[in-house]
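Next come the chains, spelled out residue by residue.
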Amino acid sequence: MKTVPLWSLADIRPSNVDKKSSPSEPTVRLVNYTDVYYNQRITADLDLMEATASADHIARFGVRPGDLIITKDSETSDDIGIPALVESASDDMVCAYHLSLLRPYTDRVDPRFLYWCLDSSDTKGYWLTASFGVTRVSIPIGTVARLPIPAFDRDAQRQIADYLDREAGGIDAMLAQLESLTDELQDRVRIVQTRAVFGLAENAAHRRSEAHSVLSGIPEHWDRTKFGYDFTESTERNGDDPPGPLLSISEYRGVELNTRTDGQQASLDVSKYRVVRPGQLAANMMWLNHGGLGVSSLTGYISPDYKAFWISDRFEPRYVHHLFRSSRYIDYFAAIATGVRPNAQRVTKTVLDATPVPLPPLDEQIRIADELDEATTRVDAMLAKVADLKSLLLERRAALITDVVTGKKEVA
């Protein structure tokens, strides 16, 4: 298949930090990294972050319909080169840092066809082999410019784009439904979890206002305590002999083996990493408002920025696991966390120690934990089936796009 370099089809503009901007400059709406990551199509009605930018930056990186935006650097190689097509734009929309703005020469290429080429497996493989970096992975602008694009005439490009809009779009719609089902299942678990661990009635509704009175509605015969009375921070570190593998804390599953091959991994020196033992509560103090904690069943080590706690014998560890991962506590942690960045809200140890905690009789804790273990096992089985189906659809989507844009599969 004959190809042409990307530079011959589009004006390529790598967006850099606008060091000339100041509060006196015009306010713009930034198309950010996350906007591209989560949206295949950029539209004028997206909820975008506001900032100020210089006139030069606005002129160079103002976003127009038909533009393409790709992620040019990230913490992981999987997240570079992700494309989004601008379908509509307002006059104040500007491309932010960590992105490259591509303005197709529309007399030579259909922007939709170019989007599907950028979304193909061949292109993703090209980015992977050509990227570089240690703490952040980047695509050099010269590499972007040399990206080979299959050479089709305009009529063939339009036919390909129409076909993939329809066929790949149908797969995307199914993936969105599966994602929605995943969210619904996980939300259902949170609701059941909250009612059980706080001893609430079956028809009790969850209200975010309860985050400020976290023990509201618990049974009268239950005792009350505070986190600092029954949870003691462990100071054990790896030293020269780690007792197990690197662990991570999943939002949904809790403490598990860290199987990532890139991104947030342990440094070469893990001597100061915190040890976690079975039955201990491990917590990412900057992610508690997203469920970033759980009781471990494994021996291993976690980031030195995390914490591990011994649990007093007044608590059943499995009950503790479900308790602090309930929606009521997640909302509570969001209310007490502090910080400027939305995804880096830290709960301090002092504030955590003062957190009110329900203390049911031990036999009730065991019964609640048994019921919730059974319920989550059933939901986990359903989630695994949904995940398998999503993987099959993603494989089908990737193969379809690559076969069509490279001419291996003809379209009518």
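In what follows, the accompanying structure is described. (Residues numbered from 1 in each chain as written. Predicted model: local features only at pLDDT ≥ 70, side-chain atom pairs only at ≥ 80, totals over all residues. Heavy atoms only, no water.)

**A word on the overall build of the protein chain**
Here comes step 1: The number of helices and strands found in the protein chain is eleven helices and 22 strands.
Here comes step 2: The principal-axis extents of the C-alpha atoms in the protein chain amount to approximately 75 × 50 × 45 Å.
Here comes step 3: For the protein chain, the residues scored as buried account for 48% of the 412 residues in total.
Here comes step 4: Counted over contacts in the protein chain with a minimum sequence separation of 6, partners at least 24 positions apart contribute 79%.
Here comes step 5: Total accessible area computed for the protein chain in this model is approximately 20700 Å², and 52% of it derives from carbon and sulfur atoms.
Here comes step 6: The positive charge centre, built from 47 side chains, and the negative charge centre, built from 59, are 3 Å apart in the protein chain. (Helix = DSSP H or I, 4+ residues; strand = E, 2+ residues; numbered from the N terminus. Buried < 20%, exposed > 50% of the residue type's maximum accessible area, 1.4 Å probe, protein only. Contact = heavy atoms within 4.5 Å. Areas by Shrake-Rupley, 256 points an atom, 1.4 Å probe, with all protein chains shown as cover. Lys, Arg positive; Asp, Glu negative; His and termini not counted. Charge placed at Lys NZ, Arg CZ, Asp CG, Glu CD.)

**Details of the packing of helix α3 (residues 111-118) against helix α11 (residues 362-405)**
Here comes step 1: Between α3 and α11, the least distance of the axes is 9 Å, while the angle of their chain directions is 125°. Judged by the inter-axis angle, α3 sits oblique to α11. Note that α3 runs across α11; the crossing there is left-handed. Taking contact as the criterion, the partners of Y115, W116 and C117 in α3 are, on α11, R397, I401 and V405.
Here comes step 2: Looking at the contact of α3 with α11, its residues break down into five nonpolar, no polar and one charged. (Axes fitted to C-alpha atoms, helices over the stretch in contact; angles between N-to-C directions. Parallel < 35°, antiparallel > 145°, perpendicular 65-115°, else oblique. Left-handed = near helix turned anticlockwise from the far one by under 90°. Nonpolar A, V, L, I, M, F, W, Y, C, P; charged D, E, K, R; others polar.)

**Considering the pairing of strand β3 (residues 27-31)**
Here comes step 1: Of all five residues in β3, four are buried, a share of seventy percent or more.
Here comes step 2: Relative to strand β5 (residues 49-52), β3 runs antiparallel, the two being bridged by four bridges. Each bridged residue has a counterpart across the sheet, and for R29 the counterpart in β5 is E50.
Here comes step 3: Examined bridge by bridge, β3 and strand β9 (residues 93-95) share three bridges and lie parallel to one another. Bridge pairing in β9 places R29 opposite M93. (Pairing = 2+ DSSP bridges.)

**A few points about the pattern of salt bridges**
Here comes step 1: Inspection of every chain in the model, using the stated rule, returns 26 salt bridges.
Here comes step 2: One salt bridge connects D165 with R41, and the closest N-O pair in it is separated by 3.5 Å. Taken as a pair, D165 in helix α6 (residues 154-197) and R41 in strand β4 (residues 41-42) lie far apart in primary sequence, 124 residues in all.
Here comes step 3: Residues joined in a network through salt bridges with shared partners are R41, E87, D110, R112, R158, D162 and D165. (Salt bridge = Lys/Arg side-chain N within 4 Å of Asp/Glu carboxyl O.)

**Regarding unusual backbone geometry**
Here comes step 1: A positive phi angle is found at H98, which is not glycine, with a value near 70°.
Here comes step 2: Secondary-structure assignment places H98 in the loop between β9 and β10 (99-104).

**Looking at the nonpolar core**
Here comes step 1: Ranked by size, the top nonpolar core spans 38 residues in total, and within it L6, L102, L114, L118, W127, I149 and L164 carry the most contacts.
Here comes step 2: Of all the elements in the fold, those that place two or more residues in this core are β2 (10-14), β6 (68-71), α3, α4 (121-130), α5 (141-146), α6 and α11.
Here comes step 3: Sort the elements by how many residues they give to this core and α6 lands first, with seven residues.
Here comes step 4: If sequence neighbours within four positions are ignored, L164 has contacts with W116, G169, L400, I401, V404 and V405. (Core = buried A, V, L, I, M, F, W, Y, C linked by side-chain atoms within 4.5 Å.)

**Remarks on the side chain of T143**
Here comes step 1: With respect to the element layout, T143 can be found in helix α5.
Here comes step 2: When near neighbours in sequence (up to four residues on either side) are disregarded, T143 contacts Y126, W127 and A130.

**Comments concerning the sheet that holds strand β14 (residues 231-233)**
Here comes step 1: If you trace the four strands from one edge of the open sheet to the other, you get β14-β21-β18-β19, paired in antiparallel fashion. Each edge of the sheet is formed by a strand with only one pairing partner; in this case those strands are β14 and β19 (293-295). Sheet twist, expressed as the mean angle between neighbouring strand axes with direction ignored, is 25°.
Here comes step 2: In the sheet, strand β18 (residues 281-283) pairs with strand β21 (residues 307-311) via three bridges, with the strands oriented antiparallel. Across the sheet, residue A283 finds its bridge partner in β21, namely K307.
Here comes step 3: Lying on the sheet, helix α8 (residues 317-324) is in contact with β14, β18, β19 and β21; it crosses β19 at an angle near 165°.

**Brief notes about α4**
Here comes step 1: Considered for burial, the residues of α4 that qualify are T123, Y126 and W127. For α4, the angular spread of buried residues about the axis comes to 95°, placing them on one side.
Here comes step 2: Those residues of α4 that are buried are in contact with β6, α3, α5 and β12 (148-150). (Arc of directions from axis to C-beta.)

**Some points on the sheet that holds β9**
Here comes step 1: As summarised here, the arrangement of the three strands in space is β5-β3-β9, forming an open sheet in which the pairing is mixed. Bordering the open sheet on either side are β5 and β9, each of which pairs with just one other strand. Pairwise comparison of adjacent strand axes, ignoring direction, gives a mean angle of 50° for this sheet.

**A few points about the packing of aromatic side chains**
Here comes step 1: Following the criterion strictly, the structure yields 16 aromatic pairs and no others.
Here comes step 2: Aromatic side chains Y126 and W127 sit 5.5 Å apart centroid to centroid with 65° between the ring planes, which places their arrangement in the edge-to-face category.
Here comes step 3: Here the aromatic rings of Y329 and Y332 are separated by 6.0 Å at their centres, their planes lie at 90°, and the arrangement is edge-to-face. Of this pair, Y329 and Y332 both sit in helix α9 (residues 327-336), three residues apart, roughly one helical turn. Residues Y329 and Y332 agree in their burial class; the two are buried.
Here comes step 4: An aromatic cluster of at least three residues, connected via ring pairs, comprises F198, F227, F231, F309, F315, F324, Y329, Y332 and F333.
Here comes step 5: In this structure, R328 is placed above the aromatic ring of F198, and the distance from its NZ or CZ to the ring centre is 4.5 Å. (Phe/Tyr/Trp six-rings, centres within 6.5 Å; stacked < 30°, edge-to-face > 60°. Lys NZ or Arg CZ within 6 Å of the ring centre and 35° of its normal.)

**A few points about the environment of V347**
Here comes step 1: If you trace the backbone, V347 turns up in the loop between α9 and α10 (349-353).
Here comes step 2: A relative accessible area of 1% places V347 in the buried class.
Here comes step 3: Linking V347 and L288, residues 59 residues apart in sequence, is a C-alpha distance of 7.3 Å.
Here comes step 4: Sequence-distant contacts of V347, that is, excluding residues within four places in its chain, are made with M285, L288, F333, I336, A337 and L352.

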